[in-house]
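In case you want the letters, here they are:
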Amino acid sequence: MAEETIFSKIIRHEIPADIVFQDQRVTAFRDISPQAATHILIIPNKLIPTLNEVEAEDEATLGHMLIVAAQIAKQEGIDESGYRLIINCNRDAGQEVFHLHMHLLGGETLGKLVNK
Ligand code: AMP
């Protein structure tokens, strides 16, 4: 069994978070250390540590994460100006929290995708 992270506590409302959306499958909340004017994390309620552990049964949830991302972008008023979705997987991508999450970034012109 994968170990729970702080994100499981956010899903269960056990610690404070600025939750912007939640349903049976996913939870979305503002990143505590925003890297852009709008920075929201969209996570599955099911504990999946990284994208590598995704299973066939997660297909609908993963698709739902994208639909929710687009809805939140609209809600935040950044759908037309533009936004970026990022999933970091493991060390080289700098993943810090091992509960799958998609970053929704926007509200300003974003830098290059990869800084070298
Ligand atoms: P990653 O580097 O892709 O694993 O991203 C983890 C993200 O989680 C970082 O952007 C953190 O700022 C964010 N984060 C960590 N703890 C919290 C928290 N309690 N509430 C909101 N965001 C958090």
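Residues numbered from 1 in each chain as written. Predicted model: local features only at pLDDT ≥ 70, side-chain atom pairs only at ≥ 80, totals over all residues. Heavy atoms only, no water.

As recorded in an unreviewed UniProt entry, the protein goes by HIT domain-containing protein and comes from Candidatus Schmidhempelia bombi str. Bimp.

Asks: Looking at this structure, how should I read the pairing of strand β5 (residues 102–106)?
Replies: Each regular strand shows side chains that alternate between the opposite faces of the sheet. Counting buried positions over the 5 residues of β5 gives 5, a clear majority of the element. Burial of the side chains of β5 extends over both faces: Met102, Leu104 and Gly106 are buried on one face and His103 and Leu105 on the other. Two elements, strand β4 (residues 83–86) and β5, share 4 bridges in a ladder whose sense is antiparallel. In the sheet register, arginine 84 faces β5, and the bridge partner there is leucine 105. (Buried < 20%, exposed > 50% of the residue type's maximum accessible area, 1.4 Å probe, protein only. Helix = DSSP H or I, 4+ residues; strand = E, 2+ residues; numbered from the N terminus. Pairing = 2+ DSSP bridges.)

Asks: Please explain the sheet that holds strand β3 (residues 38–44) as it appears in this structure.
Replies: Across a sheet, strands are paired by hydrogen bonds formed along the backbone, either parallel or antiparallel in direction. With antiparallel pairing, 5 strands are arranged side by side in an open sheet as β1-β2-β3-β5-β4. Strands with a single pairing partner mark the edges of an open sheet, and in this sheet they are β1 (19–22) and β4. On average, each strand axis in the sheet is tilted by 15 degrees relative to the strand beside it, whichever way the strands run. Together, β1, β2 (26–30), β3, β4 and β5 form the strand contacts of helix α2 (residues 59–75), whose direction differs from that of β3 by roughly 155 degrees. (Axes fitted to C-alpha atoms, helices over the stretch in contact; angles between N-to-C directions. Contact = heavy atoms within 4.5 Å.)

Asks: Would you explain unusual backbone geometry in this entry?
Replies: Among all residues save glycine, negative phi is the norm, and among peptide bonds the norm is trans. For histidine 13, which is not glycine, the phi dihedral falls at a positive 60 degrees. Residue histidine 13 is classed as exposed on the basis of its relative accessible area, which comes to 53%. Phi angles above zero are rare outside glycine, and asparagine 90 is one such case at about 65 degrees. Here asparagine 90 is to be found in helix α3 (residues 90–93).

Asks: Looking at this structure, I do not really get a nonpolar patch on the surface. What am I missing?
Replies: A surface patch of nonpolar side chains, about 250 Å² in accessible area, is lined by Leu66, Tyr83 and Leu85. Summarising the element assignment, leucine 66 is placed in helix α2. (Patch = residues over 30% accessible without salt bridge, like charges linked within 9 Å, V, L, I, M, F, W, Y side chains within 5 Å. Areas by Shrake-Rupley, 256 points an atom, 1.4 Å probe, with all protein chains shown as cover. Salt bridge = Lys/Arg side-chain N within 4 Å of Asp/Glu carboxyl O.)

Asks: What should I look at first to understand the UniProt feature "domain: HIT" (unreviewed entry) in the protein in this one?
Replies: The UniProt record marks residues 6–115 with the feature "domain: HIT" (unreviewed entry), using the residue numbering of this structure. Regarding residues 6–115, the helix share stands at 25% and the strand share at 23%, and the terminal C-alpha atoms are separated by 28 Å. (UniProt positions renumbered as here; feature names shortened; annotations may be inferred.)

Asks: When you look at the environment of histidine 39 in this model, what are you seeing that I'm missing?
Replies: Considering the arrangement of structural elements, one finds histidine 39 in strand β3. Exposure remark for histidine 39: the relative accessible area of 5% places this residue in the buried category. Taking C-alpha positions, histidine 39 is 14 Å from lysine 74, a pair spaced 35 residues apart along the chain. For histidine 39, the residues in contact, after removing those within four places along its chain, are Arg30, Asp31, Ser33, Pro34, His103, Leu104 and Leu105. Within the structure, the side chain of histidine 39 is placed 2.9 Å from the backbone nitrogen of glutamine 35, a separation counted as a polar contact. (Polar contact = N/O pair within 3.5 Å; in protein donor to acceptor, adjacent residues only side chain to side chain.)

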